[in-house]
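# Working through the structure, step by step
Spelled out from the first residue to the last, the chains are:
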Amino acid sequence: MVDLQAQHDRLQPELNNAIADVIRTAKYINGPQVAEFAANLSAYLNTPYVIPCANGTDALQIAMMALNLQPGDEVILPAFTYVATAEVIALLKLKPVLVDVNEDDFLINPSLIEAAITAKTKAIVPVHLFGQCADMETIMGIAHKHQLAVIEDTAQAIGAIYTFADGSRKRAGTIGHIGCTSFFPSKNLGCAGDGGAMFTSDESLAKRLKMIANHGQNIQYHHDDIGVNSRLDTIQAAILNIKLKHLDAYEQARNLVADAYDKAFHQHPNYVIPARVKQSSHVFHQYTLKCKGINRDNLRAFLQQHQIPSMVYYPIPLHHQKAYANDVVISGSLSITEKLCSEVISLPMSPEVTAEQIEYIIAQLKTFTSQNLNN
Ligand SMILES: *Cc1c(COP(=O)(O)O)cnc(C)c1O
């Protein structure tokens, strides 16, 4: 789905030097590259505090711990998301409350949020799924009215730019109280292993996030809170310092791939292209079509026969997962989520997909429907 070898080939000498530096200086934990990366990302995002951590799932968990959420508190999230979003909520004995998404853009439907709010609701976790921002202006309005915290899961949308009604702009993850992201290798800004970060513009929250990620201590061996151990390795920070400089170029390249797919499939009877929302730029972590009137499994098998990878994000909704079926609150109907789980297919998407590859992928998808290879 993502050609990481091609991406890293171009950066190889620079990456090798950066890694060798870390090995030579032996500052594997909290070396200077970690603080340097936090400062670079803070400048890129235009937000004052960036706290690196070990992965995106930890980022979400530490965010909820920093907000002092208590067992039984309810947290609203979209039903159509990666399991990590719900996992940390359940792990902390909070109640995940699932709300349905929009059919055209896959993002949480803000008009369903207020109906899900109870006296126990403490937070909303919008997920900027596939690379564009949820309707943050509406969500922040609801959160303000009901005094709820907002944790943005921006693991798939780092760099996306949100435009408010008044024309002002902010990067994904810097609108809510805390933003959480992942540097998993296949994410838009990926390292060579696991990594993550939290962002905030609130100084006291920044202190808590940092303290909790560091065993609940501000001063060594003085533990004010029960924390976790969650650090970004120096080697990963060194790699991210190099790759961050290319993030905007990667995004542009991804958009060219998406434009080509859009052009090929708009108004196609069997493939529905993903809607682009007005309020946000799209960084196309995934390019996801909906299949209509065709058998998705057969399509995937056909693509595989022709050496084209494809993925289904996500095949089973959270409320049908064994681990979560009894532990989530379902707010209203989740019929759109259920439908999407049976229709979506994500195509190869990375800055390195070549024009020839795009042409070949498009041709094969069209062959599948035109030759009625469906059954
Ligand atoms: C990848 C991802 C995460 C988790 O990130 P990890 O670094 O793999 O822990 C959380 N939420 C979403 C939406 C993701 O795509």
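It should be emphasised that the depicted structure is a prediction, and the values quoted were computed from it without experimental measurement. (Residues numbered from 1 in each chain as written. Predicted model: local features only at pLDDT ≥ 70, side-chain atom pairs only at ≥ 80, totals over all residues. Heavy atoms only, no water.)

## Thoughts on the packing of aromatic side chains
- Counted according to the given criterion, the structure contains twelve aromatic pairs.
- Between Phe80 and Phe130, the aromatic rings sit 6.3 Å apart at their centres with planes inclined by 90°, giving edge-to-face as the arrangement. Note that Phe80 is positioned in the loop between strand 2 (74–78) and helix 4 (83–91) and Phe130 in the loop between strand 4 (121–124) and helix 6 (136–146), a separation of 50 residues in sequence.
- Phe130 sits in the buried class, given a relative accessible area of 2%.
- Taking 5.2 Å as the distance between ring centres and 75° as the angle between the ring planes, the aromatic pair formed by Phe106 and Phe130 counts as edge-to-face. Here Phe106 is found in the loop between strand 3 (95–99) and helix 5 (113–116), whereas its partner Phe130 is found in the loop between strand 4 and helix 6, with 24 residues between them in sequence. (Phe/Tyr/Trp six-rings, centres within 6.5 Å; stacked < 30°, edge-to-face > 60°. Helix = DSSP H or I, 4+ residues; strand = E, 2+ residues; numbered from the N terminus. Buried < 20%, exposed > 50% of the residue type's maximum accessible area, 1.4 Å probe, protein only.)

## Points about the environment of Asn30
- Tracing the backbone shows Asn30 in the loop between helix 1 (4–25) and helix 2 (32–45).
- Judged by its relative accessible area of 55%, Asn30 is exposed.
- With 284 residues separating them in the primary sequence, Asn30 and Tyr314 have C-alpha atoms 35 Å apart.
- Asn30 has contacts with Arg231 and Thr234, leaving out every residue within four places of it along the chain. (Contact = heavy atoms within 4.5 Å.)

## Some points on the side chain of Thr337
- Along the chain, Thr337 falls in helix 11 (residues 335–343).
- Apart from residues lying up to four places away in sequence, Thr337 is in contact with Ala79, Phe80, Asp100, Val101 and Pro317.

## Details of the site of the ligand
- Neighbouring residues of the ligand: Asn55, Gly56, Thr57, Tyr82, Ala84, Val127, Asp153, Ala155, Gln156, Ser182 and Lys187.
- Within the backbone of Gly56, one N or O atom sits 2.8 Å away from an oxygen atom of the ligand.
- In this structure, an oxygen atom belonging to the ligand sits 2.9 Å away from a side-chain N or O atom of Lys187.
- Out of a free accessible area of 380 Å², the ligand has 92% covered by protein chains. (Near = heavy atom within 4 Å. Polar contact = N/O pair within 3.5 Å; in protein donor to acceptor, adjacent residues only side chain to side chain. Areas by Shrake-Rupley, 256 points an atom, 1.4 Å probe, with all protein chains shown as cover.)

## Quick notes on the packing of helix 2 against helix 8 (residues 234–244)
- Remark: helix 2 packs on helix 8, axes separated minimally by 8 Å, with the N-to-C direction vectors making an angle of 35°. In the crossing of helix 2 with helix 8, the sense of the turn from one axis to the other is left-handed. The residues of helix 8 that touch helix 2, namely those facing Gln33, Val34, Glu36, Phe37, Asn40, Leu41 and Tyr44, are Thr234, Ala237, Ala238, Leu240, Asn241 and Leu244.
- Across the contact of helix 2 with helix 8, the residue classes break down as eight nonpolar, four polar and one charged. (Axes fitted to C-alpha atoms, helices over the stretch in contact; angles between N-to-C directions. Left-handed = near helix turned anticlockwise from the far one by under 90°. Nonpolar A, V, L, I, M, F, W, Y, C, P; charged D, E, K, R; others polar.)

## What to know about the sheet that holds strand 8 (residues 178–182)
- The strand order across the open sheet built from eight strands is 1-9-8-5-4-2-3-14, with neighbouring strands paired in mixed fashion. Only two strands of the sheet have a single neighbouring strand rather than two, namely strand 1 (49–53) and strand 14 (329–330).
- By the bridge criterion, two bridges tie strand 4 to strand 5 (residues 149–153) in an arrangement that is parallel. Bridge assignment links Ala123 to a residue of strand 5, and that residue is Ala149.
- Here helix 3 (residues 56–66) sits on the sheet and contacts strand 1, strand 5, strand 8 and strand 9 (196–200); the angle it forms with strand 8, its principal contact strand, is near 160°.
- Along the sheet, helix 7 (residues 203–213) makes contact with strand 1, strand 8 and strand 9, crossing strand 1 at roughly 10°. (Pairing = 2+ DSSP bridges.)

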